[in-house]
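Structure assessment
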Amino acid sequence: MEFKEVVGRRRSIRYFLPWRPVERDKVQTILEAARLASRAGNADFARAIVVERDGLSKADLASLTLPVNAGMIEMAPIHIYWWGDLKAFARDMPSRAAEQVDMGVLNISHGWTHTFINEVAYPQVVQAFSSDAVLSAKVTGCEAGLAISQALLAAVDEGLGTMLCTYPEEPARQVLGVPDSWTSLWVQFVGYPAESWEAGGQRPRPPLGELFHEGKYGQPFRGTEEGAARLRAEKMIQDPAPFSWRKEEVRAVSRMLGLPEE
Ligand SMILES: Cc1cc2nc3c(=O)[nH]c(=O)nc-3n(C[C@H](O)[C@H](O)[C@H](O)COP(=O)(O)O)c2cc1C
């Protein structure tokens, strides 16, 4: 699928075929997409534990369930519990940056040398971020978010349904046994959609110029009609929700899956 169409087709899928397993190579593709995402200092911020729903005991599944993830957690055959490693930046950046100096990725043309890493980049950026809990959470969440976003798009490209949900940190620590330096982020549910891939249409967003500005705050970014027409033709912008038949679809899918209809 073309990139713009993948972006356009992505939407949170909340109904999965519980009985249809996800092929291992598709899960691998999702993780590869995350692994290859851009990341500050080339550090390993994004971490994940892939869990097969059917491998979880009833008690563990119950302990990971929240009101906001209920339903999906039982339907989706694959759960990817995403975490952020709060130690990643300080631990990984110096050696990863040095390695990139040696391989001609970070170059003297831009001021990068081993001395620059040790005397400027590390103390001024990495240490500054890592020694402050708020800044550390900010950079870790953002870096992992980049990887997770690619994981979502990869799942869509593989013809799967996917979405992110909240999970409870302490029970997940117990069940998954993750290191203390990992902070909980989101669970990505993955499976074959039980609803149509359109899932009732693209979800509402404010117009471009309301979200994004140009030059300074208050000056809306202005796209062009031609630009929007091209994005519609290339399927990045698609028909918006609500579709006229959506409620019928939800009722039918709910009936099939034994979920409440009213
Ligand atoms: C980080 C994150 C956490 C989310 N958590 C939940 C959740 O706990 N439960 C839920 O039903 N949807 C959750 N969602 C889905 C959002 O509600 C959904 O993305 C939003 O309504 C926009 O719809 P779309 O993803 O189809 O564009 C989450 C989405 C993101 C990105």
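These remarks concern the structure in this document. (Residues numbered from 1 in each chain as written. Predicted model: local features only at pLDDT ≥ 70, side-chain atom pairs only at ≥ 80, totals over all residues. Heavy atoms only, no water.)

Examining the site of the ligand
By nearness alone, 13 residues border the ligand, and Arg-10, Ser-12, Val-68, Arg-203 and Arg-205 come closest of all. One of the side-chain N or O atoms of Arg-10 is found 2.9 Å from an oxygen atom in the ligand. Interatomic distance of 2.7 Å between a side-chain N/O atom of Arg-203 and an oxygen atom of the ligand. Burial of the ligand by the surrounding chains reaches 66%, relative to a free accessible area of 610 Å². When residues of the shell around the ligand are assigned to their parent elements, the largest contribution, 3 residues, is made by strand S3 (residues 161-165). Counted by class, the shell around the ligand contains 6 nonpolar, 2 polar and 5 charged residues. (Near = heavy atom within 4 Å. Polar contact = N/O pair within 3.5 Å; in protein donor to acceptor, adjacent residues only side chain to side chain. Areas by Shrake-Rupley, 256 points an atom, 1.4 Å probe, with all protein chains shown as cover. Helix = DSSP H or I, 4+ residues; strand = E, 2+ residues; numbered from the N terminus. Nonpolar A, V, L, I, M, F, W, Y, C, P; charged D, E, K, R; others polar.)

Brief notes about the packing of helix H5 (residues 88-102) against helix H6 (residues 114-130)
Where H5 meets H6, the closest approach of the two axes is 10 Å, and the angle between their N-to-C directions is 150°. Considered as vectors, H5 and H6 are oriented roughly antiparallel to each other. Two packed elements cross with a definite hand, and for H5 against H6 that hand is right-handed. Mapping the contact onto sequence places Phe-89, Ala-90, Met-93, Pro-94, Ala-97, Ala-98, Val-101 and Asp-102 in H5 and His-114, Ile-117, Ala-121, Tyr-122, Val-125, Val-126, Phe-129 and Ser-130 in H6. Here the residues of the contact of H5 with H6 are counted per class, giving 13 nonpolar, 2 polar and 1 charged. (Axes fitted to C-alpha atoms, helices over the stretch in contact; angles between N-to-C directions. Parallel < 35°, antiparallel > 145°, perpendicular 65-115°, else oblique. Left-handed = near helix turned anticlockwise from the far one by under 90°. Contact = heavy atoms within 4.5 Å.)

What about the environment of Pro-67?
When you line up the elements, Pro-67 lands in the loop between helix H3 (58-64) and helix H4 (72-75). Residue classification places Pro-67 among the exposed residues on the basis of a relative accessible area of 79%. Placed 100 residues apart in sequence, Pro-67 and Tyr-167 show a C-alpha to C-alpha distance of 9.8 Å. (Buried < 20%, exposed > 50% of the residue type's maximum accessible area, 1.4 Å probe, protein only.)

Focus on the packing of helix H2 (residues 24-35) against helix H7 (residues 133-157)
At a minimum axis separation of 7 Å, H2 and H7 run at an interaxial angle of 145°. Our pair here, H2 against H7, has a crossing hand that is right-handed. Touching Thr-29, Ile-30, Ala-33 and Ala-34 of H2 are Ala-147, Gln-150, Ala-151, Ala-154 and Ala-155, all from H7. The class makeup of the residues in the contact of H2 with H7 is 7 nonpolar, 2 polar and no charged.

Regarding the pattern of salt bridges
If charged atoms from side chains of opposite charge come close, those side chains can pair. Tallied over the full model, the rule gives 16 salt bridges. A salt bridge links Glu-169 to Arg-173; the shortest N-O distance between them is 2.6 Å. Of the two residues, Glu-169 and Arg-173 both sit in helix H8 (residues 169-176), 4 residues apart, roughly one turn of that helix. Owing to a relative accessible area of 17%, Arg-173 belongs among the buried residues under this scheme. (Salt bridge = Lys/Arg side-chain N within 4 Å of Asp/Glu carboxyl O.)

Here we look at the side chain of Gln-238
As for its position among the elements, Gln-238 is in the loop between helix H10 (225-233) and helix H11 (246-257). Relative accessible area serves as the criterion here: at 15%, Gln-238 is assigned to the buried category. Separated by 2.9 Å, the side chains of Gln-238 and Arg-11 make a polar contact. Polar side-chain contacts of Gln-238 include one of 2.8 Å to the backbone oxygen of Lys-235. Each residue touching Gln-238, except ones within four places of it in the same chain, is listed here: Glu-5, Gly-8, Arg-9, Arg-11, Trp-197 and Gln-202.

With respect to the pairing of strand S2 (residues 78-85)
The buried fraction of S2 amounts to 8 of the 8 residues, a majority that puts the element mostly inside the structure. Where burial is concerned, the two faces of S2 agree: the one with Ile-78, Ile-80, Trp-82 and Gly-84 and the one with His-79, Tyr-81, Trp-83 and Asp-85 are both buried. Direction of pairing for strand S1 (residues 46-52) relative to S2: antiparallel, over a ladder of 7 bridges. Residue pairing in the sheet places Val-50 in a bridge with Ile-80 of S2. (Pairing = 2+ DSSP bridges.)

A short note on the packing of aromatic side chains
Following the criterion strictly, the structure yields 7 aromatic pairs and no others. Arranged with centres 6.4 Å apart and planes meeting at 45°, the rings of Trp-83 and Trp-182 form a pair that is tilted. With Trp-83 in strand S2 and Trp-182 in strand S4 (residues 182-191), the pair connects residues that are 99 residues apart, well separated along the chain. The burial state of Trp-83 is the same as that of Trp-182; both residues are buried. With 6.4 Å between their ring centres and 70° between their planes, Phe-89 and Phe-129 make a pair best called edge-to-face. One end of the pair, Phe-89, is in helix H5; the other, Phe-129, is in helix H6, with 40 residues separating them in the sequence. Under the relative-accessibility criterion, Phe-129 is labelled partly exposed at 26%. Within the aromatic cluster, the residues linked to one another by ring pairs are Tyr-81, Trp-83, Tyr-167 and Trp-182. Sitting over the ring of Trp-197, Arg-9 keeps its end group 3.7 Å from the ring centre. Taking the ring centre of Tyr-192 as reference, the NZ or CZ of Arg-20 above it sits at 3.5 Å. (Phe/Tyr/Trp six-rings, centres within 6.5 Å; stacked < 30°, edge-to-face > 60°. Lys NZ or Arg CZ within 6 Å of the ring centre and 35° of its normal.)

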